[in-house]
Amino acid sequence: MMPRMKIYTAFLYLLLNILLLGGCASVVYSTNDLPDLVPKFEIEAFDPLQTPIGEVYASTIAADSSQSGAILLDSGQYALLHRIALTRMATHTIELQTYIYEDDVTSGLLLLEMEKAAERGVKVRIIVDDNGLGSDQSAVMLLNYHPNIEVKVFNPFKYRARISRYPQMLFDLGRLNYRMHNKLFIVDDAAVIIGGRNVAGNYFDNDASVNFSDTDVLFLGGLAREAVTSFNEYWNYHKAIPVSAFPNQDEPERLDK
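Quantities reported herein were computed from a predicted structural model and do not represent experimental measurements.

Caption draft 1: Just the side chain of glutamine 168, in detail. Examined against the element boundaries, glutamine 168 turns out to sit in helix α6 (residues 165-171). A distance of 2.9 Å separates the side chain of glutamine 168 from the side chain of serine 164, its partner in a polar contact.

In structure tokens:
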């Protein structure tokens, strides 16, 4: 009797989830399904060595463009301050690639700095893995409302209700198990921070209870340009979906709030 009861329970659970999937908002998971997709903005060509960051080491790099300087960022707070400082120095571009972007005070500080940079005319591109977003109301997605900021979500779950993710994994594991763990923070093609830190307070020693022990490296020079090439491969990949294609993304006043 018990095995039959378990079968009925599993069937009812499966039926409930199917009903939930049918009734919740959905998003495409390939830009091949967005034939009219156009870039939000164009990035004009510029010389990284003619930027405030690049000018510092321009003479050294000019002698050998393959060279890169490196600084170890083993302190979480130091790593956050470097990201903020580079954002304030940006004059042309900022690219951020991350697996997780939390909604907390620390992450909000970086959001604010990137918005200020965008107000100066800096073009900001952000790509986040869908597993690393709390919801479609995440603050980082709201930045997409700014005309100089575009946000993309990597390999999103088709149905957006959080409760529907487990049955989606069950039926579409081959696709949804394919996640993006890359972490890059690139400014003006001149500096890049690479390492293990996602964007959340507990990656920058700012959590009151538990913090992760991670390390970043700040590179100046040739490696920054190589990082941009890597970023663009993910940015242009058909499973990187613009936030503008997501449901309920038509309230730009939310950015001001």
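Caption draft 2: Region of the structure containing the sheet that holds strand β1 (residues 68-73). Within the open sheet, the eight strands sit side by side as β1-β7-β6-β5-β2-β3-β4-β8. Their pairing is mixed. The strands lining the two open edges of the sheet, one partner per strand, are β1 and β8 (240-242). Along the sheet, successive strands turn relative to each other by an average axial angle of 15°, direction set aside. Strand direction decides the pairing type here: strand β5 (residues 184-187) and strand β6 (residues 191-195), joined by four bridges, are antiparallel. Residue pairing in the sheet places leucine 184 in a bridge with isoleucine 194 of β6.

Caption draft 3: Spotlight on the pairing of strand β2 (residues 93-98). A large share of β2 lies buried, amounting to six of its six residues. Side chains Thr93, Glu95 and Gln97 of β2 all project onto a buried face; the interleaved residues Ile94, Leu96 and Thr98 project onto the opposite face, where all are buried too. Tracing the backbone out of β2, into helix α4 (residues 105-119) and back to the parallel element strand β3 (residues 123-129) gives a crossover that is right-handed.

Caption draft 4: Structural detail: the packing of helix α3 (residues 76-89) against α4. Direction vectors running N to C along α3 and α4 enclose 10°, while the axes themselves pass 9 Å from each other. Here α3 is positioned roughly parallel relative to α4, judged by the angle of their axes. Considering how the two elements wind past one another, α3 and α4 form a crossing that is left-handed. Mapping the contact onto sequence places Leu80, Arg83, Ile84, Thr87 and Arg88 in α3 and Thr106, Leu110, Glu113, Met114 and Ala117 in α4.

Caption draft 5: Examining α3 more closely. Helix length check: α3 (14 residues) gives 20 Å between terminal C-alpha atoms against 20 Å at 1.5 Å per residue, within 8%. The set of residues buried in α3 consists of Gly76, Ala79, Leu80, His82, Arg83, Ile84, Leu86 and Thr87. Contact partners of the buried residues in α3: β1, β2, α4, β5, β6 and β7 (216-221).

Caption draft 6: Structural context of the nonpolar core. Counting residues in hydrophobic clusters, the biggest one holds 49 residues, and the most contacted among them are Ile94, Tyr101, Met114, Ile126 and Phe185. Among the elements that make up this core, the one with the highest residue count is α4 (five residues). Those residues in contact with methionine 114 that sit more than four places away from it in its chain are Thr87, Ile94, Leu96, Tyr101, Val124, Ile126, Leu143, Ile149 and Phe185.

Caption draft 7: Region of the structure containing the side chain of serine 107. Among the structural elements, serine 107 can be located in helix α4. Assessed through its relative accessible area of 1%, serine 107 is described here as buried. Among all residues touching serine 107, those that are not within four sequence positions of it are Tyr101, Glu102, Val199, Ala200 and Gly201.

Caption draft 8: Representation of unusual backbone geometry. Backbone geometry at asparagine 155 places phi at a positive 50°, although glycine is not the residue there. Among the secondary structure elements, asparagine 155 is positioned in the loop between β4 (149-154) and α6. On the basis of relative accessible area, asparagine 155 is assigned to the buried category, the value being 0%. Even without glycine at this site, aspartate 205 takes up a positive phi of about 60°. Here aspartate 205 lies in the loop between β6 and β7.

About the cut-offs
- Residues numbered from 1 in each chain as written.
- Predicted model: local features only at pLDDT ≥ 70, side-chain atom pairs only at ≥ 80, totals over all residues.
- Heavy atoms only, no water.
- Helix = DSSP H or I, 4+ residues; strand = E, 2+ residues; numbered from the N terminus.
- Polar contact = N/O pair within 3.5 Å; in protein donor to acceptor, adjacent residues only side chain to side chain.
- Pairing = 2+ DSSP bridges.
- Axes fitted to C-alpha atoms, helices over the stretch in contact; angles between N-to-C directions.
- Buried < 20%, exposed > 50% of the residue type's maximum accessible area, 1.4 Å probe, protein only.
- Right-handed = clockwise from strand over helix to strand, strands pointing away.
- Parallel < 35°, antiparallel > 145°, perpendicular 65-115°, else oblique.
- Left-handed = near helix turned anticlockwise from the far one by under 90°.
- Contact = heavy atoms within 4.5 Å.
- Expected span 1.5 Å × (residues − 1).
- Core = buried A, V, L, I, M, F, W, Y, C linked by side-chain atoms within 4.5 Å.

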